[in-house]
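# Coordinate analysis (summary)
Read off the chains here:
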Amino acid sequence: MPLVNVMVNQRAYTIACDEGEEEHLRELSKHVDAKVRELLGTVGQVGDARLLLMASLLITDDYYDAAAQLDARTQELGELSAAHGDTKAKLDTSVAEALAALEAATKRVGDIAAQLADA
């Protein structure tokens, strides 16, 4: 299992991860470090544990916001899909009715043409 060295709040941490996940872990730690630095500018140095907890809460809040937006977009997509299905069904019905009317008109023209030919 590979070990990855990451920096958060100017402190080095060694973390184990699955093979091939090293770069992803580095990117995640950069995100955590950015949140910690953001907090440092707001609340100052309040200790590593408290900073990491606060950063975790902010990241979790961002996650919940993103998940809520995803749920809302998924619901909108479902509603649009249902509306599209209704519109398609109405269009299919209209096309079928138009084809039936065209066939009836074609038959009527054929009947008239046959009557004219017999006259």
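As a starting point, this report considers the structure included with it. What you are looking at is a predicted structure, and each value in this text was computed from that prediction instead of being measured.

## Some thoughts on the overall build of the protein
Across its full length, the protein holds two helices and two strands. Across the protein, helices and strands are ordered from the amino to the carboxyl terminus as β-β-α-α. Considered along the principal axes of its C-alpha atoms, the protein spans approximately 105 × 35 × 15 Å. Counting only residues that meet the buried cut, the protein has 13% of its 119 residues in that class. In the protein, once contacts between residues fewer than 6 apart in sequence are set aside, the share between residues at least 24 apart is 28%. Carbon and sulfur atoms make up 60% of the accessible area of the protein, which totals about 9300 Å². Distance between charge centroids for the protein: 4 Å, based on 11 positive and 21 negative side chains.

## Here we look at the packing of aromatic side chains
Throughout the structure, instances matching the rule amount to one aromatic pair. When the ring of Tyr63 is compared with that of Tyr64, the centres are 5.6 Å apart and the planes differ by 65°; the resulting orientation is edge-to-face. Taken as a pair, Tyr63 and Tyr64 share a single burial class, namely exposed.

## Digging into the side chain of Asn9
As for its placement among the helices and strands, Asn9 is situated in the loop between strand S1 (3–8) and strand S2 (11–16). Within polar-contact distance, the side chain of Asn9 engages the side chain of Asp48 at 3.0 Å.

## Quick look at the pattern of salt bridges
Scanning the model with the defined rule gives six salt bridges in all. Between Arg11 and Asp48 there is a salt bridge, with its nearest N and O atoms 2.1 Å apart. Here Asp48 lies in helix H2 (residues 48–118) and Arg11 lies in strand S2, a separation of 37 residues in the sequence. A salt bridge links Lys30 to Glu27, with the nearest nitrogen and oxygen atoms 3.6 Å apart. In this pair, Lys30 and Glu27 are both assigned in helix H1 (residues 22–43), three residues apart and thus about one turn of the helix distant.

## Some remarks on the pairing of S2
In the sheet, S1 pairs with S2 via six bridges, with the strands oriented antiparallel. If you follow Val8 over to S2, its bridge partner there is Arg11. Hairpin connection between S1 and S2: a loop of two residues separates the two successive antiparallel strands, and Asn9 in this loop has a positive phi of roughly 55°.

## Considering unusual backbone geometry
The phi torsion at Asn9 lies on the positive side, around 55°, for a residue other than glycine. For Asn9, a relative accessible area of 11% puts it in the buried group. Of note in the backbone geometry, Gln10 takes a positive phi value of approximately 60° without being a glycine. Within the secondary structure, Gln10 is located in the loop between S1 and S2.

## Remarks on the nonpolar core
Counting five residues, the largest nonpolar core consists of Val8, Val36, Leu39, Leu51 and Ala55. With residues near it in sequence (within four places) discarded, Leu51 still touches Asn9, Val36, Leu39, Leu40, Val43, Gly44, Gln45 and Val46.

Reading the values: rules and limits
- Residues numbered from 1 in each chain as written.
- Predicted model: local features only at pLDDT ≥ 70, side-chain atom pairs only at ≥ 80, totals over all residues.
- Heavy atoms only, no water.
- Helix = DSSP H or I, 4+ residues; strand = E, 2+ residues; numbered from the N terminus.
- Buried < 20%, exposed > 50% of the residue type's maximum accessible area, 1.4 Å probe, protein only.
- Contact = heavy atoms within 4.5 Å.
- Areas by Shrake-Rupley, 256 points an atom, 1.4 Å probe, with all protein chains shown as cover.
- Lys, Arg positive; Asp, Glu negative; His and termini not counted.
- Charge placed at Lys NZ, Arg CZ, Asp CG, Glu CD.
- Phe/Tyr/Trp six-rings, centres within 6.5 Å; stacked < 30°, edge-to-face > 60°.
- Polar contact = N/O pair within 3.5 Å; in protein donor to acceptor, adjacent residues only side chain to side chain.
- Salt bridge = Lys/Arg side-chain N within 4 Å of Asp/Glu carboxyl O.
- Pairing = 2+ DSSP bridges.
- Core = buried A, V, L, I, M, F, W, Y, C linked by side-chain atoms within 4.5 Å.

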